[in-house]
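These are the residues of each chain, in order.
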Amino acid sequence: MNHPEQMYNYHTWANQTILGRIKELPSSVLSQEVNSSFPTLAHALNHIYVVDKTWYLVLTGMDMREALQTCMPLNENILDSADEYIHLFAQLSDEYKEWFQSQDDLEQTILLDNPYARIRQTRLSEIVLQLVNHGTYHRGNVSTMLHQLGHASIMNDYALFWYQEPATV
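**With respect to the pairing of strand β2 (residues 119–123)**
No. 1: As defined by bridge partners, strand β1 (residues 109–113) adjoins β2 across 5 bridges and the pair is classed as antiparallel. By the bridge assignment, T109 is partnered in β2 with R123.
No. 2: Linking two consecutive strands that pair antiparallel, namely β1 and β2, is a turn of 5 residues.

Encoded structure:
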């Protein structure tokens, strides 16, 4: 397994871990307003999903501007339960796994026309690492929001992920 794919596996695990923690809490916690980067936990989770979906469309050949237009309406699809988010993220993770299996060279470049920056040649591996980094950043927001709402979060660091896999000796 290559490093970008390993990092994506971490991203999937970390999303499942934090969603598992949220599932343990009263369902109302998802829609409880908090003074933070996002108005609710559901908005933060939805943002992670929408960005992951956008990058997936880019990785599978869609122009970034078109991918953004396609995914922008998803920002309004705020879900009501942790189970719904668990299912949504799992579906997208399966799509990414299929994509990884179809890739021979993650170091190949595509012309990325990012409307928030500029056009540049970008390696597929860079895009994967960007989406993982983005998810890590916003899971930090989710952890902070949980604390603000009076709940403990859960550790989902990359270093903990290392120990979730069977040791090879």
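There's plenty left to go through after this.
**Examining the nonpolar core**
No. 1: Counting residues in each nonpolar core, the largest one holds 50 residues, and the members touching the most others are I22, L41, W55, Y96, W99 and V142.
No. 2: Within the residue set of this core, elements represented by two or more residues are α1 (3–24), α2 (41–59), α3 (64–71), α4 (82–101) and α5 (124–148).
No. 3: Per-element tally for this core: the top contributor is α2, with 13 residues.
No. 4: What L41 contacts, discounting residues up to four positions off in sequence, is V29, L30, V142, M145, L146 and L149.

**A look at the layout of surface pockets**
No. 1: Taken as a whole, the largest pocket encloses approximately 190 Å³ of empty space.
No. 2: Lining the largest pocket are 13 residues, and of these H47, V50, V51, T54 and L68 sit closest to its centre.
No. 3: Of all the secondary structure elements, the ones that give two or more residues to the lining of the largest pocket are α2, α3 and α5.
No. 4: Ranked by residue count, the leading element in the lining of the largest pocket is α2, at 5 residues.
No. 5: Broken down by class, the residue content of the lining of the largest pocket amounts to 8 nonpolar, 5 polar and no charged.

**Description of α5**
Every α-helix carries 3.6 residues per turn, so stepping three or four residues along brings you back to the same face.
No. 1: Between its terminal C-alpha atoms α5 stretches 37 Å, which fits the 36 Å expected from 25 residues at 1.5 Å a residue.
No. 2: Once α5 finishes, G150 follows within two positions and takes phi at roughly 90°, a positive value.

**A look at the pattern of salt bridges**
No. 1: If you walk through the whole model with that rule in mind, you get 6 salt bridges.
No. 2: Between D83 and K23 there is a salt bridge; the shortest N-O distance is 2.8 Å. With D83 in helix α4 and K23 in helix α1, this pair connects stretches of sequence that are 60 residues apart.
No. 3: The exposure class of D83 is partly exposed, given its relative accessible area of 41%.
No. 4: Across the pair E126 and R120 runs a salt bridge whose closest N-O atoms are separated by 3.6 Å.

**A word on the packing of aromatic side chains**
No. 1: Evaluated as defined, the whole model comprises 12 aromatic pairs.
No. 2: Look at W99 and F100: their rings are 5.1 Å apart centre to centre, the planes differ by 65°, and that puts the pair in the edge-to-face class. Each member of the pair, W99 as well as F100, carries the same accessibility label: buried.
No. 3: Put simply, the rings of Y10, W13, Y158, F161, W162 and Y163 pair up and form one aromatic cluster.

**Side note on the packing of α2 against α5**
No. 1: Relative orientation of the contacting elements α2 and α5 amounts to 175°, with a least axis distance of 9 Å. Taken together, α2 and α5 sit at an angle that is classed as roughly antiparallel. Along its contact with α2, which presents L41, A44, L45, H47, I48, V51, D52, W55, V58 and L59, the element α5 presents L124, I127, V128, Q130, L131, H134, G135, H138, R139, V142, M145 and L146.
No. 2: Split into classes, the residues belonging to the contact of α2 with α5 amount to 15 nonpolar, 5 polar and 2 charged.

**Thoughts on α4**
No. 1: In this model α4 runs 28 Å from its N-terminal to its C-terminal C-alpha over 20 residues, within 8% of the 28 Å that 1.5 Å per residue would give.
No. 2: Those residues of α4 that sit buried are A82, Y85, L88, F89, L92, S93, Y96, W99 and F100. In an axial view of α4, the angular spread of the buried residues amounts to 135°, which keeps them on one side of the axis. For α4, exposure combined with an orientation more than 90 degrees from the buried face picks out E98 and Q101.
No. 3: Taken together, the buried residues of α4 touch α1, α2 and α5.

Rules of the game
- Residues numbered from 1 in each chain as written.
- Predicted model: local features only at pLDDT ≥ 70, side-chain atom pairs only at ≥ 80, totals over all residues.
- Heavy atoms only, no water.
- Pairing = 2+ DSSP bridges.
- Helix = DSSP H or I, 4+ residues; strand = E, 2+ residues; numbered from the N terminus.
- Core = buried A, V, L, I, M, F, W, Y, C linked by side-chain atoms within 4.5 Å.
- Buried < 20%, exposed > 50% of the residue type's maximum accessible area, 1.4 Å probe, protein only.
- Contact = heavy atoms within 4.5 Å.
- 1 Å grid on protein atoms, 1.4 Å probe; cavity = no way out; pocket = protein on both sides within 12 Å on 5 of 7 lines; lining within 4 Å.
- Points joined across faces, edges and corners; volume = space filled by probe spheres on them.
- Nonpolar A, V, L, I, M, F, W, Y, C, P; charged D, E, K, R; others polar.
- Expected span 1.5 Å × (residues − 1).
- Salt bridge = Lys/Arg side-chain N within 4 Å of Asp/Glu carboxyl O.
- Phe/Tyr/Trp six-rings, centres within 6.5 Å; stacked < 30°, edge-to-face > 60°.
- Axes fitted to C-alpha atoms, helices over the stretch in contact; angles between N-to-C directions.
- Parallel < 35°, antiparallel > 145°, perpendicular 65-115°, else oblique.
- Arc of directions from axis to C-beta.

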